[in-house]
Every structure is written in C-alpha cells, then in structure tokens.
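These are the residues of each chain, in order.
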Amino acid sequence: MRSSPLPRMSRRGRVTIGVLIGVFVFFTLLGWGVNAWTDWLWFDEVRYTQVFTGVLATRLLLFLVIGLGMAAIVAGNLWLAYRVRPQLRPHSAEQATLERYRMLLSPRLGTWIALASAVIGLFAGLSAQSRWSQWLLFRNGGSFGVKDPEFGIDVGFYVFQLPFWRYLLGVGFTAVVLALLGALAVHYIFGGVRLQGVGDRMTNAARAHLSSLVAVFVVLKAIAYVLDQRAMLLEYNEGAKLYGAGYADINALLPAKEILAWIAVVVAVAIIVFSNAWMRNLVWPGIALALLGVSAVAIGGIYPWAVQTFEVKPSARDKEAPYIERSIEATRAAFGLTGTKSAGYAADNLIPPASLATDTSVVQNVRLLDPQLVSETYTQLQQVRGFYDFGPKLDIDRYANAGKTSDYVVGVREINYGELPNNNWINRHTVYTHGYGLVGAPANQVVCGGQPYFVSGFLGEKAQEACSSQAEQIPAQQPRIYYGERMEADDYAIVGQTGDRNVEFDRPTSTGGEQYYTYTGEGGVEIGSFTRRLLYAIKEQESNFLLSEAVNDDSKLLYVRNPRDRVEKVAPFLTLDGDPYPAVVNGRVLWIIDGYTTAATYPYADRVNLQAETADELTGRGTFQLARENVNYIRNSVKATVDAYDGTVKLYQFDDSDPVLKAWNKAFGGELVLPKGDIPPELAEHFRYPADLFKVQRNLLTKFHVTDPGDFYSGQDFWQVPNVPDAPDSGQKQPPYYLFTQFPGQESPRFQLTAAVTPNGRQNLAALVSGSYVDGRPQLEVLELPDQTRISGPTQVHQQMTNNGDIRQQLNLLSSNQAQVQYGNLLSLPFADGMLYVEPVYVKSSNQDAYPLLQKVLLSYGDGGSYVVLANNLSDGIKQLVEQGKRAAAGSPPPSTGDNPPTTGGTSPPVLTGELAEAAGKVQSAIAEVKAAQASGDFERYGRALKALDEAMAAFQQAQAAANPSPGPTPSGSPSASPPASPSSSPSPNG
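Values in this document were obtained by computation on a predicted structure and should not be read as measured data.

Draft legend 1. Quick look at the overall build of the protein. In terms of regular secondary structure, the protein is built from 26 helices and 34 strands. Summarising the internal contacts of the protein: among those between residues at least 6 apart in sequence, 68% fall at separations of at least 24. Carbon together with sulfur atoms contributes 55% to the accessible area of the protein, which is approximately 43,700 Å² in total.

Here it is as structure tokens:
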C-alpha cells in the first residue's frame, strides 16, 4: 500500500481544534448578536429604525449575492475541470508524483471544492457588504440635470452609476482570475495539463476550458476600456494641473481606448477560434494576447505621451484652454461657487474717516471676545464646581434682545468626567449624569476689568455675580445637558429612579448645598428587565448592570451622547461639520450640526481632501478633525439638531435641489429627512454658514475666482490663505471668523463667516470672502481689492501694530514674568472705502487657575501702519483713530499712539493748583496701584485698579476743563469702564 500523503491527526487533536473553533465562532456570533440587538434598541429609541434595517438588509444582500456568485463561479469551474479530466494519463515521473494528491482529493473532491469556494465567497461577500452605500446610490440615484461636456451624459451617471459598475467589473476580473487559476491547478493535478511526457501538453477539453476563461477576461478588458473612456473625465490632467481629460486625453487617449476595446473583442474571438475550432493550439492565441499587450503600450501609452510631449507642451496654454475652462466651470458648480457674488473694493481711503465715531452697523457690532481664548474665562468664572467644563473653544451665535440683534459667545456647562472628585462607577454613570445651562455673553462687551458680561446659564434663579446680568436674557425652560460635545463613547448614563428619591446631581445651590434630580425625558433605552441588563452588561463588559442597586425597574440607559456621533449614527451617509454649536430654541437647548452630501466622481471638478482643506489653528481645539475623504462635490444639504435633554435627533432638508440627498432619502423610504418647509422659524434664525464648507470654498476660490483659462494657466492672479497673524511661522492657517456686520453692497448687517486672503506669495490684502444666508439661501461674496493695493494683509497688520514703538512699549508693560499677552481674532472690516483692523489683546497671569482678561484693543485703519492705536476699549480706540484722521486731513502729523495723555510743551511742566492738583495726585496714585496690581499677578485687583485709573483720569479731565476752557486730551479707559450698550434693559454693571 502507498503511504498517505499527509499524516493523520489524532482524535484528541481533532476534538481540541473543533472545540477551539466552536468557542471562537460562539463568541464571535455572540458579540455580533449583542451589538446588533443593542443597535436596534438604540435606533428604536431615536425612531430611525429604517436606517438600521435598510443598511443591514443591504449589507446582507450584497454579502449573499456577491459571495454566492463568486463561490458559484469558482466552484463551477473547479468542478468542470475535474469533470473533463482525462481518464487515461501517460506514465511519467510527473504523473507518479501527482498520484498521491489525486488520492487525497478524489474521495472528497466535492468537500474540497465547497470549502475552497466558501472561503473565497466569504471574503468576497465581506468585501461586497462594505459597498452598501454605492449600491443604494446606484439603485436610487436620479438625474443631476447637467450633462458632461464631452459625451453629453448626465452627471448622475458618474455620481450614482459609474462607481458601482467599476466595482462589479473588478469583481468580474477577480472571479475569472481565481477560476482560471483554480481550473488550471485541477487540470494539472488530474492530467489535463502536463509539463512532461509525450503527446500534447493539454487535452482538448482543458484547452477549451482555459481558453474560454481567458477570452472572458479579455472581454471584460474591452468593457473596462469603455468605462475608462468615461472615467477619463475624472482623472488628473498633469498638463493643466487640474482634474478632467485634457487635450492629449481627448485627442489621443480617448480614441486609443476605443481602438483597444475593439482589439480586445477581436482578440477574445481569436482565442476561441484559434484554440478550439482551427489550429487547436495556444500559439496563435498567445500571439493575439501579445498583440493586445503591444497595442495597449503603443496605442494607449506611447501615442498619448507623444502628443502630450511634442504637441501640447510647446503650446499648452492654448491647447489646454478649452479643458481648463471645463474644469473651472465644473469645479464652481460642484462646490457651490457658481452663485458667488464678486465686487471690486477700491480700499483707496487710507485716512480714518469721522464716520467711524457715529457708525451703527459695523463698529458697534465689532466682536471683541475670542471664543478660543475666553473658554478658560468661562470655565473659571462659571464653573462653580471643578468637574464642570466648557471645552477648549466656545461658539458664536446671535440673539435678538430688546429689538437688537448682536453676536453672543455661548458655551454649554458640561460634565468633565476626568475631574470628578471620586471617579467610581456609581458617580460616573448614575450620579453625575448631566451638565447645566447654556452660558452666553455679548461678544462686543466686557466688564469688571476685562471679563465677559454673562447674561444666561446661571445655576440659580438670579445671577449673584455683580459683573453679570441679574436675569436670564436667553432663558431655557429645560437647561439640563444630558447630551454634549464633552461626552466620550464610554460616558453612558443610567437614569430613572423608583420612589421619590433623587440621586442625580443637578447643580449647587446658593446656600452652598446641592440639588438633586431625576431624569424625566423620553430619551434612553429602558433596561429595567433582567434580559436588558444582561444584554448591556455583556456589551459594556460591566457586571454592575446586574449587581448594582442603582439599576432598577425604572432605569434607562443613555448612550451615544455626543451630538455629532448621534447624527453620524442616524445618517451614516453624511459628512458632518467639525464644529457643532448649541442654541436655545423655543426654550430648549439644541445642538445644531451641519451635514454634507459628498461625491468623488463629478466630471472635470477639482478634487480636494477634506481633512487637509479644513485644517487650521482651531482643528482639534474644540472642533473635530474631518476624515481623509477625497471629494469633488459637496453640498450643505442637511441641518441636523440634537436635543440636549432627551437626545431627539431631527434631520432637516436644507438644500432641496441636491440630487444626492434625494437619492439617500429615497433609499430609506422617503421620510428620513424632514422637508425644508418643516424647519421652525425660530430654529432657522440660528442657522449659520458652516465653517468646514466655507473653508473648502474659500480655498478653492483662491484659484477658481479666475475664470479666464489663460489667466488660470499662468496662475499670476491666484490667492492664498494667510497664516495665523500672531504666529505666522507655525504654518497654521488663519481660521475664518463669524461676525454680525454689514459689508459694502449689503443692505443691512448679516451674521456671516468671513476670511481674508492675500496674493499668492505676498502678504498684502487681496480680497475678503464672506458666507451668509440671504432669504434662507447660502450666499458667497467676494470683495476684491485692486492688484497693487497698499492695504496690508492680516500678518502684516499684526506685525505693524505690535512693532510700533509706543505700542511695543505698552505691550511690554502688560507682559512680565507673571503674565503673558495673548492676541484674539484679528478682524478685517471694510469701512468707508478703507479697511479697519481690530485685534483684542488679552493678558493672562501665570498664577494657577488664571484666565485671560481683555485689557486692550489694537486698531488700525488704512494701510495698517500709518494709523495705529492701542486703546483701553473700542470706543476710545475709535475716537483716537478719528482724531488721527482729522489731524491728517488738516496736514498735521498723527499723534503718538497709545493711551498716555500728551504732556504740555516747554522745558518744565506747568504748576498745578487746587482741584487740578488734587485730581493729578489721584491719577498718580491710581497709576501706582495699577503697577502694583500688575506685579502681584492678581488680575481681579488689576481690573479694579484700571477702573480706578479710568475714574481718576475722568476727574482730571473735568478739573482741567474747568481750569482751562480749551479742549483737553481725552483719556482712554479700560474695556470695563465703558462697555457697549447691553442688549438687555438691565443697568450697566459699571454703574
């Protein structure tokens, strides 16, 4: 007897392997089942089960269809190869060697074929189920109503159909190659293909089988050439440095692809005919395949290269012009730039006008609070308990109060679970379950030595702080925050109690005690039953779900508590903006998240990477970094909201003309996204132009504002986004900023997102780009300055202002070993045919738990260097700029910048007597107190000292006016001394 080709495994070994495999399969299925069940419960809670079932059914369908199809193709060819095996094989050493493998395979050949096909089908199915989004768009996609400029095919084919067709083609190639390799192996093992011995190396049946598979592969290659002709409109054009087919592609590569497709068809026929019907050998089929390869290199490679090298490059500007124009038009359409309003702005006024002092649309709305810097201030002044947190960056919104709309810096007081006094399971998940209040302050107002003027989010019925509003100006009927940005994936909360006992920490009381609460909202998954507790104990790997008395019959589990994660789970087809923001709408605190529909196959449109295009100084500091997604089409098609109390998720259609959103809505039953008409007006008032979309559009406008192909090719008029003004060497881009202001050409102030851009390679100002909503529609506007403008860009202006001799000296006085100067948003504001720059200056002590306080305001008008002011507040700064403008108009040199009153001329100062001498003494005492407070690092004392100095200077001015009727110098106060009017009717906190 011949020995077995493989050693037999012992019975114990087989049992052990079987048990291990069984355990692995059990825990894998258990984990999958628990995740699926808990996901269903979560989707049922938020009432979006159609998303869960739709995605799951689609994934299962693709897994089964593609997996079974791949397995069937491979299994069928393996069986066919065995079925047509020769019954008699010539004797040779090769066949003797293969006999042992035939003995191993033949008794259980069906099992081996089924096992191999099942493994291949499993991997194919797993790969296919990840294509669920492509399939849903393929099946539900419609028309864009726009045709591509080359073939006249609707753009919907490229966005909805082409990706899935290319995937199916790839599946076909994989199936044929695997079938060919498998069939070749079976033919070889069973003698259909021989490498040794006399006679033919291949039987007629094996030759027919294998040649047919090769012919199918070549036919698929012909189909690939046809699809490649369409896909050419998506490829990168190296000659024009743009996406889309260029001159050489259209005039050389396109006809080459068509020729190659026909050659491939001829080759496929030749393989069948020459291999089986005529010569019955592989010589001519091999020649045909070689011809296809040579043709692909010569016609598809060398010829287009020659056209590009010898015809296009010498006159690329003219040759590529029509195709550059196609790319410009497609890019502007795909990224929503077509409706951009561009207007020239002369900016030829370099002297501060007198109208600055009386303006009500720009100057009064200047935002002084920087949401990134004052986050620490909010945390220190409104934290109350060490575990409350506002995050590293706050948000900007606008509210109407007393008939006046203005910017507000808002933040939500959330729980920071890392700072809990005793971070055990009970405290983390059952006691400290929620934050409390949306804290807001007017963005153009500071009090009490540079602090924000808080108007909402108080922990009691009335504010107790002297530097805050005495009543809620942004009242929320339900201020508790169970869902927020600070929530991590494992920050679940167990709420609901039996009886009257409240165990959830709610907020501290004014008497020093603590108030407790029991959740009454509709959110959360009920976990009162033993089955549910066991289910979530397995999911969270936490036995306390079963053992703790904190989990009772009335308990609910709140999880997926981050608003962005919540929307992403409900709408996995959306790309979400990285900066969700809170708003009080009809008494409820809502998180508003902008959702984008994207595509990567819009013909001729430029392609960008969302992660790279949206990164700037604020990325990761209170904003989420977007994934590395390459797109060439984007729309802000959805406005999503998440209720901060009960977690209710709503998706509102914002772009009602977006074909991609229509396809997704249809895919999930047609009612997934609420119509645009269902948006409550109170909610629409808080919509803002999304930051990440604006960054992408702004970056594209630096090139695609040029619409002439020749100028675009030269690139001389391109712009660039400047770096952060106060840290230009960091390489980080200056973030856009929200303002409630009025730009030239606008009928009234708008809440708009704004950014400055500079010429490519230079630092002077080139244009201002703004995005806002007009009648509920997005509107991009560009104010373009002349090419040779003298107006400085943000980086230049910051350097000119901070390097001014007098200002540098004052800034040095503010900074010391115990304090540091921090610069806020540098705002570029077009005003009166000139440019007004405003940059708040904060000072932060080096003491522990210190926070930045707004102490000064830098202002500049004109070219950024001639008229510069460092003032104690915006009002004084504007007055000083106007005074400088008057002096310039009268032909006098501008006065010394800064806040120190000018001294009298002569060799010695005049002798002061009476009330004037007493007032001067108070000024000197106040100055000494300011210096002492600054040295101590006590900024509360510093704020009081600045206020006292303000009052002393005012008294000195009055005494001087009484002693000398001629006008005297105007003192400048601290920001706390003269804040802009509060939007409330309450008295000023300075009074």
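From this point, the discussion proceeds with the structure in view.
Draft legend 2. Region of interest: helix α22 (residues 794–803). P794, T795, V797, H798, M801 and T802 are the residues of α22 that are buried. For α22, the angular spread of buried residues about the axis comes to 165 degrees, placing them on one side.

Draft legend 3. Highlighting the nonpolar core. L651 and L859 are the most contacted members of the largest nonpolar core, which totals 186 residues. With twelve residues, the single largest contributor to this core is helix α6 (residues 155–189). Filtering out sequence-adjacent residues up to four positions away, L859 remains in contact with M801, L836, Y837, V838, Y867, V868, V869, A871, L874, G877, I878 and L881. In terms of nonpolar packing, the next biggest core, distinct from the first, is built from 26 residues, M801, V821, L826 and Y837 among them.

Draft legend 4. Spatial organisation of a negative patch on the surface. Residues E325, E329, D708, D711, D717 and D787 make up a contiguous surface patch of negative charge. Tracing the sequence through the fold places D717 in the loop between α21 (709–714) and β25 (719–720). With a relative accessible area of 35%, D717 lands in the partly exposed category.

Draft legend 5. Geometry of the pairing of strand β27 (residues 750–759). Most of β27 is tucked away, with ten of its ten residues classed as buried. Where β25 and β27 come together, two bridges link them in antiparallel fashion. Looking at the pairing, W719 lines up with P759 of β27. Taken together, the five bridges between strand β26 (residues 737–741) and β27 define a ladder with antiparallel strand orientation. The residue of β27 that forms the bridge with F740 is F751. Both β27 and strand β28 (residues 767–774) contribute to a ladder of five bridges, which runs antiparallel. Residue pairing across strands places A755 opposite V769, the latter belonging to β28.

Draft legend 6. Representation of the sheet that holds strand β5 (residues 395–401). Reading across from one edge, β5-β6-β9 is the order of the three strands in this open sheet, with antiparallel pairing throughout. The sheet is open, and its two borders are formed by β5 and β9 (438–442), each paired with just one other strand. Taken pair by pair, the neighbouring strands of this sheet meet at an average axis angle of 40 degrees, ignoring direction. Note that strand β6 (residues 404–412) and β9 share five bridges and pair antiparallel. What sits directly across from Y408, in β9, is P442. Docked against the sheet, helix α12 (residues 374–382) engages β6 and β9, running at close to 120 degrees with respect to β9.

Draft legend 7. Looking closely at a nonpolar patch on the surface. On the surface, V15, V19, V23, F26, F27, L30, F530, L534, I538, L546 and L547 cluster together into a nonpolar patch covering about 1,000 Å² of accessible area. The set of elements that each furnish at least two residues to the nonpolar patch consists of α1 (11–46), α14 (530–540) and α15 (544–547). Considering every element that reaches the nonpolar patch, the biggest residue donor is α1, with six residues. Secondary-structure assignment places V19 in helix α1.

Draft legend 8. Structural context of the sheet that holds strand β16 (residues 525–526). The three strands are arranged β13-β17-β16 in an open sheet whose pairing can be described as antiparallel. The open sheet is flanked by β13 (493–495) and β16, the only strands paired with a single partner. Pairing of β16 with strand β17 (residues 556–558), which is carried by two bridges, proceeds in the antiparallel orientation. By the bridge assignment for β17, V525 is matched with L557.

Draft legend 9. Structural view of the state of the cysteines. Applying the stated rule across the entire model yields one disulfide. The disulfide bridge from C448 ends at C467, spanning 1.7 Å between sulfur atoms. Around the S-S axis, the bridge from C448 to C467 shows a dihedral of about -100 degrees and counts as left-handed. Note that C448 is positioned in the loop between β10 (446–447) and β11 (451–452) and C467 in the loop between β11 and β12 (480–481), a separation of 19 residues in sequence. Judged by relative accessible area, which is 26%, C448 ranks as partly exposed.

Draft legend 10. Quick look at helix α23 (residues 805–814). When α23 is considered as a whole, its buried residues turn out to be I807, Q810, L811 and L814. Here the buried residues of α23 occupy an arc of 100 degrees about the axis, which is enough to place them on one side. Exposed side chains of α23 directed beyond 90 degrees from the buried face belong to G805, Q809 and L813. Here α23 starts with a cap whose side-chain oxygen sits 3.2 Å from the backbone nitrogen of D806, and that cap is N804.

Draft legend 11. Spatial organisation of the side chain of D154. The residue D154 is located in the loop between α5 (132–140) and α6 in this model. Within the buried core, D154 has no salt-bridge partner, and the shortest N-O distance to an opposite charge, that of K147, equals 5.2 Å. Among the polar contacts made by the side chain of D154, one reaches the main-chain amide nitrogen of G145 at a distance of 3.0 Å. At 3.5 Å, the side chain of D154 forms a polar contact with the backbone nitrogen of V146. In this structure D154 touches G142, S143, F144, G145, V146 and K147, once residues within four positions along its chain are discounted.

Draft legend 12. Up close: the pattern of salt bridges. Overall, the coordinates contain 27 salt bridges when judged by the stated rule. The salt bridge partner of R688 is D579, with a shortest N-O separation of 3.1 Å. With a gap of 109 residues between them, R688 in the loop between α19 (681–684) and α20 (691–704) and D579 in the loop between β18 (575–576) and β19 (581–585) connect regions that are remote in the sequence. The class for D579 is buried, based on a relative accessible area of 10%.

Basis of the calculations
- Residues numbered from 1 in each chain as written.
- Predicted model: local features only at pLDDT ≥ 70, side-chain atom pairs only at ≥ 80, totals over all residues.
- Heavy atoms only, no water.
- Helix = DSSP H or I, 4+ residues; strand = E, 2+ residues; numbered from the N terminus.
- Contact = heavy atoms within 4.5 Å.
- Areas by Shrake-Rupley, 256 points an atom, 1.4 Å probe, with all protein chains shown as cover.
- Buried < 20%, exposed > 50% of the residue type's maximum accessible area, 1.4 Å probe, protein only.
- Arc of directions from axis to C-beta.
- Core = buried A, V, L, I, M, F, W, Y, C linked by side-chain atoms within 4.5 Å.
- Patch = residues over 30% accessible without salt bridge, like charges linked within 9 Å, V, L, I, M, F, W, Y side chains within 5 Å.
- Salt bridge = Lys/Arg side-chain N within 4 Å of Asp/Glu carboxyl O.
- Lys, Arg positive; Asp, Glu negative; His and termini not counted.
- Charge placed at Lys NZ, Arg CZ, Asp CG, Glu CD.
- Pairing = 2+ DSSP bridges.
- Axes fitted to C-alpha atoms, helices over the stretch in contact; angles between N-to-C directions.
- Disulfide = S-S within 2.5 Å.
- Polar contact = N/O pair within 3.5 Å; in protein donor to acceptor, adjacent residues only side chain to side chain.

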